[in-house]
Amino acid sequence: SDPMVAFARMQRTTTVALLACLIFAAVGVYAEESDATETDQTPSDPMAGYQPKTDMSQHSRIDLDLKEIMDFISTSNGAVSQTNWDSAEDIYVNGKNSDRNNNEKRTLKGFATFFESGTDVSTYQAEPMAKLMNDYYNDWTWADKMVMAAFNAQTQTSLGDFASGPIAGTDNARNQVIKKLIAYHLVWLFVHHEMEAAKLKYDAGTYDSAVTSWDEIWAFYAGSLEGGTGTGVMPYVLAESRAANLETKTKTLKNGGKSMVNCHMMRAVEEGQSLIQTSGNGAKITSIMKCIRAQSMVPLIQGCLWYSYRTDINSDYETDYLSGTAATSINADRRAEQLAFCSAVLPWLHSVSASAATTLAGEVLFSNGDDDVNPNWETVKGVFTAENINKMGLSCKDIGTITKPSGTMAYSCTDGAISNSLIDSRECDSLAQSETCKNADGSMPGVVVDGSNGAATTGTSMLLAIGAAFLALAGSRF
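Every value quoted in this text rests on a predicted model; they were computed, and no experiment measured them.

Undergrad: Can you walk me through the overall build of the protein in this structure?
TA: Secondary structure summary: the protein contains 19 helices and six strands in total. For the protein, with 478 residues in total, the buried portion stands at 53%. Counted over contacts in the protein with a minimum sequence separation of 6, partners at least 24 positions apart contribute 68%. For the protein, the accessible area works out to roughly 19300 Å², and carbon and sulfur atoms hold 52% of it.

Following this line, the structure appears as structure tokens:
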């Protein structure tokens, strides 16, 4: 046969096959934006439904350290022995279950002191969430100081009297302060560090390293114990827990989770993972980072609201919400949890309203001798106005509501306009649709995207154009 004819037939066959592939891509909900630039690592198993591109098996095991700490200082069987306090502190300081590349142990205390003693402190301290925290507390390691004071029953001026305070000095309060500050301050802030590090590496063109740092976001956010429904001990579980209290349990994740926050978080991290592997996606990654910052804050605010409502003995939580008998004394566990959650929120609240932060601090922080003063629920919820929530980059819908069994609202707000250059939950609305999570009606949140560059599209016009070209080519002679 004529070689030129055979070559022409081969060209047409290849083109038809390519067009067929494009049709499948067009009708699909979401496709990879570009060919992946893989690292030379073997990807580890999924973590709470998220599939890393790199080996996160050791990173995610840092949650085993926290779980052992929690077991050692548990008050479920009464007073905690000094041996158990010491054993828990040793794991916090020296690590146990998570190995680093140099065969040293990864430590939770290392997370806590990272922004003051890391290898590139000036870069780390410029990270927006860390900077906001330090702008308020004027101490890069304030949370570590409180954790260590709680471990050792010490008095720390302005942090609390964990030696003999009527609330702070109890085993219950010390236990709650330690485990909540580790998970929702120290690990939480390190999650943000990994995100910022990934973007810096991406901007420098070191895509393999950027992917590793990006995978670490989820490794530390979820951990190795998390299955998806709140079975772990890392920040992921807080979103699931508070979603039930603030009525934001509105999604169904592929891992079984229900939290609106975790729906947005997983979609954001998954989409960011695909974008960060190749050049040209910087603007979209920046938008995704604004979404992640916003969603990660939501459970902290929810926790501050929920535990303030539960702690105030003059609120109607016991009598109306639980239909029980009014409390006559402050519950140490609740009071310590209120401190942990609200102290995490204070820097962001202060960045939009210094007076509101001063008011909240007066109700929630431990200080020597007055940790048993009853916090006022009406005062606390009064600082979380729609104006302040919106300026923090969130919507009232993000935070949710506290509805009493009677149907009346213990907390709600009505949105104005979101205004924050670093934190913006509206950016979550432009995430790509995927099977990661679904709305209550079975639909998928987000937008359909063009598989080549992530631009929003209905896909209809592209499909019709490709189909017409396919039919025209198929009609030609082979």
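Let us keep going from here.
Undergrad: Even after reading the chapter, I still don't get the packing of helix α11 (residues 260-275) against helix α12 (residues 282-311), so can you show me in this structure?
TA: How two helices sit against one another is set out by the angle between their axes and by the gap between those axes. Orientation of α11 relative to α12, taken along the N-to-C sense of each, is 155°, at an axis distance of 9 Å. Classified by the angle their axes make, α11 and α12 are roughly antiparallel. For the pair α11 and α12, the sense of crossing is left-handed. Residues Val261, His264, Met265, Ala268, Val269, Glu271, Gly272 and Leu275 of α11 touch α12, and the partners they reach there are Lys284, Ile285, Ile288, Cys291, Ile292, Gln295, Ser296, Val298 and Pro299. Residue composition of the contact of α11 with α12, by class: eleven nonpolar, four polar and two charged.

Undergrad: What should I look at first to understand unusual backbone geometry in this one?
TA: Although it is not a glycine, Ala48 sits at a positive phi angle of roughly 50°. Assignment of secondary structure puts Ala48 in the loop between α1 (3-27) and α2 (62-72). In this structure, Ala153 is a non-glycine residue whose phi angle is positive, near 50°. Along the chain, the position of Ala153 falls in the loop between α7 (142-151) and β1 (155-156).

Undergrad: Sorry if this is basic, but what is going on with helix α8 (residues 171-203) here?
TA: A rise of 1.5 Å per residue sets the reference length of α8, with its 33 residues, at 48 Å; its end C-alpha atoms lie 47 Å apart and thus fit the reference within 8%. Of all 33 residues in α8, 29 are buried, a share of seventy percent or more.

Undergrad: Would you mind showing me how to read the state of the cysteines here?
TA: Each disulfide consists of a covalent bond between the sulfur atoms of two cysteine residues. In total, this model carries four disulfides according to the counting rule given. A sulfur-sulfur separation of 2.0 Å characterises the disulfide bridge that pairs Cys396 with Cys413. The disulfide joining Cys396 to Cys413 has a torsion of about -125° about its S-S bond and is therefore left-handed. Taken together, the residues span a long stretch of sequence, with Cys396 in helix α18 (residues 396-399) and Cys413 in the loop between β5 (409-411) and β6 (437-438) at a distance of 17 residues.

Undergrad: Even after reading the chapter, I still don't get the packing of helix α4 (residues 108-117) against α8, so can you show me in this structure?
TA: α8 packs onto α4 with a crossing angle of 60° between their chain directions and a minimal axis gap of 9 Å. One way to sum up the angle between α4 and α8 is to call them oblique. Crossing handedness for the pair α4 and α8: left-handed. On the side of α4, the interface is formed by Leu108, Phe111, Ala112, Phe114 and Phe115, while α8 contributes Ile182, Leu186, Val187, Leu189, Phe190 and His193. Here the contact of α4 with α8 is built from residues that sort into ten nonpolar, one polar and no charged.

Undergrad: Honestly, the pattern of salt bridges in this entry has me stumped. Any pointers?
TA: Between side chains of opposite charge, pairing is possible as soon as their charged atoms come close. Enumeration over the complete set of coordinates arrives at 19 salt bridges. Salt-bridge contacts for Lys145 lead to Asp139; the nearest nitrogen and oxygen are separated by 3.1 Å. Given a relative accessible area of 31%, Lys145 falls into the partly exposed group. As a salt-bridge pair, Glu270 and Lys254 come within 2.8 Å of each other at their nearest N and O atoms. Taken together, the residues Glu270 in helix α11 and Lys254 in the loop between β3 (252-253) and α11 connect sequence positions 16 residues apart. Overall, Lys254 belongs to the partly exposed group, its relative accessible area being 45%.

Undergrad: Looking at this structure, I do not really get the environment of Asp90. What am I missing?
TA: Position of Asp90 among the secondary structure elements: in helix α3 (residues 82-94). Taking the C-alpha atoms as reference, Asp90 lies 9.0 Å from Ile69; in sequence the two are 21 residues apart.

Undergrad: Sorry, what's going on with the nonpolar core here?
TA: Burial of nonpolar side chains together is a common tendency in soluble globular proteins. By size, the foremost hydrophobic cluster in this structure holds 129 residues, and its most contacted members are Trp214, Trp218 and Phe384. Examining the composition of this core, we find that 16 residues originate from one element, α8, more than from any other. Discounting residues that sit within four places of it in the chain, Phe384 has contacts with Ile301, Cys304, Leu305, Val345, Leu360, Ile389 and Tyr411.

Undergrad: What should I look at first to understand the packing of aromatic side chains in this one?
TA: In this description, an aromatic ring pair is defined by two values, namely the gap between the centres and the angle between the planes. Using the criterion set out here, one finds 25 aromatic pairs in the structure. Ring plane angle 55° and centroid distance 6.1 Å describe the contact between Phe162 and Phe366, whose orientation is recorded as tilted. Of this pair, Phe162 sits in the loop between β2 (160-161) and α8 while Phe366 sits in the loop between α15 (354-364) and α16 (377-383); the two residues are 204 residues apart in sequence, bridging distant segments of the chain. For the pair Phe162 and Phe366, a shared accessibility class is recorded, and that class is buried. On the numbers, 5.3 Å between centres and 45° between planes, the contact of Trp218 with Tyr221 is tilted. One end of the pair is Trp218 and the other is Tyr221, both in helix α9 (residues 207-222) and three residues apart, which spans about a single turn. Taking relative accessible area as the criterion, Trp218 reaches 0% and is therefore assigned buried. Members of the aromatic cluster, each reached through a chain of ring pairs, are Phe111, Phe114, Phe115, Tyr124, Phe190 and Phe220. Positioned over the ring face of Trp85 is Arg174, at 3.8 Å from the centre of the ring.

The rules behind each value
Residues numbered from 1 in each chain as written. Predicted model: local features only at pLDDT ≥ 70, side-chain atom pairs only at ≥ 80, totals over all residues. Heavy atoms only, no water. Helix = DSSP H or I, 4+ residues; strand = E, 2+ residues; numbered from the N terminus. Buried < 20%, exposed > 50% of the residue type's maximum accessible area, 1.4 Å probe, protein only. Contact = heavy atoms within 4.5 Å. Areas by Shrake-Rupley, 256 points an atom, 1.4 Å probe, with all protein chains shown as cover. Axes fitted to C-alpha atoms, helices over the stretch in contact; angles between N-to-C directions. Parallel < 35°, antiparallel > 145°, perpendicular 65-115°, else oblique. Left-handed = near helix turned anticlockwise from the far one by under 90°. Nonpolar A, V, L, I, M, F, W, Y, C, P; charged D, E, K, R; others polar. Expected span 1.5 Å × (residues − 1). Disulfide = S-S within 2.5 Å. Salt bridge = Lys/Arg side-chain N within 4 Å of Asp/Glu carboxyl O. Core = buried A, V, L, I, M, F, W, Y, C linked by side-chain atoms within 4.5 Å. Phe/Tyr/Trp six-rings, centres within 6.5 Å; stacked < 30°, edge-to-face > 60°. Lys NZ or Arg CZ within 6 Å of the ring centre and 35° of its normal.

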